[in-house]
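Read off the chains here:
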Amino acid sequence: EDLGVSVVLANTYHLMLRPGAETVAGLGGLHGFTGFAGHFLTDSGGYQVFSLDPEVDDDGVTFRSTYDGSSHRFTPEKAVAVQELLGADIQMVLDVCPPLPSPPEVLRQAVERTAAWAGRARRAHRREGQALFGIVQGGADPQLRSESAARTTELAFDGYGIGGLSVGEPRDQMLPALAAAVAGLPADRPRYLMGVGDPVSIAEAVALGVDMFDCVLPTRLGRHGTALTSAGRVHLRGAAWARDDGPVDSSCACSVCRRHSRAYLRHLFMVGEPVA
């Protein structure tokens, strides 16, 4: 809140398993559970599920918990129901997110199932005051991206996610696919590039018309002692900062840069202090 963050992403897959969507609902949904007064967006859990090499069929997906190995079944309707319990302001449909590179037949099947599942999610969604976003797939194929965007737009969602990019493909393949997807989406609805958060990609995607992003990159870098500053990346674990009394970023006015030196932050990282 102090940083002016207006939307927080909460992970459906992990919350469904711990502490459970019913528990969160009983405690006032995500807003009551966390005390955050801003907006919440929940992903469908699809990305995490598909990273676990699940069993997929036309109806849904079966996967095992990373916590205890228990088996779970996810369908488009179940993903909607779980996110309605969580009480986010924005929820995402369940989609099929293939790795890249993938054969053309795998990308085609992902587009077909994503479109079919989007329609089922649209019909299942009931919660008033909660926006539902569709998702565009198609890998790095601009033609498939255009087709997926058209089929998703036909369902008249409140906003549109673009999934399955920046998952290992070269930038010169990502950008044409992204441009094709954005071109097929209505400009008066939010366009959300999922899982992309490095500064260069953000700038390029904004130029193409993207409005929203999410990514673990900034917090993951932070956990490992790397800051993104106006002068580039600063690796705070480096021995060069052991006696540096300057701020992480001399042009930044945040509470960390106002109060704490690079030397102090490096010390916190080196002794394993989580507050770093």
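Residues numbered from 1 in each chain as written. Predicted model: local features only at pLDDT ≥ 70, side-chain atom pairs only at ≥ 80, totals over all residues. Heavy atoms only, no water.

Draft legend 1. Molecular detail of the side chain of Gln83. Structurally, the position occupied by Gln83 is in helix 5 (residues 76–86). If we ignore the near neighbours within four places in the chain, the residues touching Gln83 are Thr12, Thr42, Asp43, Ser44, Ala88, Gln91, Met92 and Gln130. (Helix = DSSP H or I, 4+ residues; strand = E, 2+ residues; numbered from the N terminus. Contact = heavy atoms within 4.5 Å.)

Draft legend 2. Representation of the sheet that holds strand 2 (residues 39–42) in the model. Read across the sheet, 7 strands follow the order 1-2-6-7-8-9-10 without closing on themselves; strand pairing throughout is parallel. Single-partner strands in this sheet number two, and they are strand 1 (7–10) and strand 10 (212–214). Averaged over all pairs of adjacent strands, the angle between strand axes in this sheet comes to 25°, irrespective of strand direction. Where strand 7 (residues 131–136) meets strand 8 (residues 159–162), 4 bridges bridge the pair, whose relative direction is parallel. In the sheet register, Phe133 faces strand 8, and the bridge partner there is Gly159. Of the strands in this sheet, strand 2 and strand 6 (90–92) touch helix 5, which is tilted by about 160° from strand 6. (Pairing = 2+ DSSP bridges. Axes fitted to C-alpha atoms, helices over the stretch in contact; angles between N-to-C directions.)

Draft legend 3. Spotlight on the pattern of salt bridges. In this structure the tally under the stated criterion is 12 salt bridges. As a salt-bridge pair, Asp59 and Arg120 come within 3.1 Å of each other at their nearest N and O atoms. Remark: Arg120 occurs in helix 6 (residues 104–124) and Asp59 occurs in the loop between strand 3 (55–56) and strand 4 (61–64); sequence separation between them is 61 residues. Its relative accessible area of 39% is what places Asp59 among the partly exposed residues. Owing to a relative accessible area of 16%, Arg120 belongs among the buried residues under this scheme. One network of salt bridges, in which partners are shared, links Asp57, Asp59, Arg73, Glu77 and Arg120. (Salt bridge = Lys/Arg side-chain N within 4 Å of Asp/Glu carboxyl O. Buried < 20%, exposed > 50% of the residue type's maximum accessible area, 1.4 Å probe, protein only.)

Draft legend 4. Representation of the packing of helix 7 (residues 142–153) against helix 8 (residues 171–183) within the structure. Two elements in contact, helix 7 and helix 8, have axes separated by 8 Å at closest approach and are oriented at 25°. Here helix 7 lies roughly parallel to helix 8, going by the angle between them. Judged by the sense of rotation from one axis to the other, the crossing of helix 7 with helix 8 is right-handed. Facing Pro142, Arg145, Ser146 and Ala149 of helix 7, the residues of helix 8 in contact are Pro176, Ala177, Ala180 and Ala181. Residue composition of the contact of helix 7 with helix 8, by class: 6 nonpolar, 1 polar and 1 charged. (Parallel < 35°, antiparallel > 145°, perpendicular 65-115°, else oblique. Left-handed = near helix turned anticlockwise from the far one by under 90°. Nonpolar A, V, L, I, M, F, W, Y, C, P; charged D, E, K, R; others polar.)

Draft legend 5. Layout of the packing of aromatic side chains. What the rule picks out here adds up to 4 aromatic pairs. Ring geometry for Tyr13 versus Phe63: centroids 5.7 Å apart, planes at 50°, classification tilted. Separated by 50 residues along the polypeptide, Tyr13 in helix 1 (residues 12–17) and Phe63 in strand 4 bring together distant segments of the chain. Tyr13 sits in the buried class, given a relative accessible area of 2%. On the basis of relative accessibility, which here comes to 2%, the residue Phe63 falls in the buried class. Plain terms: the ring middles of Phe63 and Phe74 are 5.9 Å apart, the flat faces sit at 80° to each other, and that makes the pair edge-to-face. Of the two residues, Phe63 is situated in strand 4 and Phe74 in strand 5 (residues 71–74); the sequence distance between them amounts to 11 residues. (Phe/Tyr/Trp six-rings, centres within 6.5 Å; stacked < 30°, edge-to-face > 60°.)

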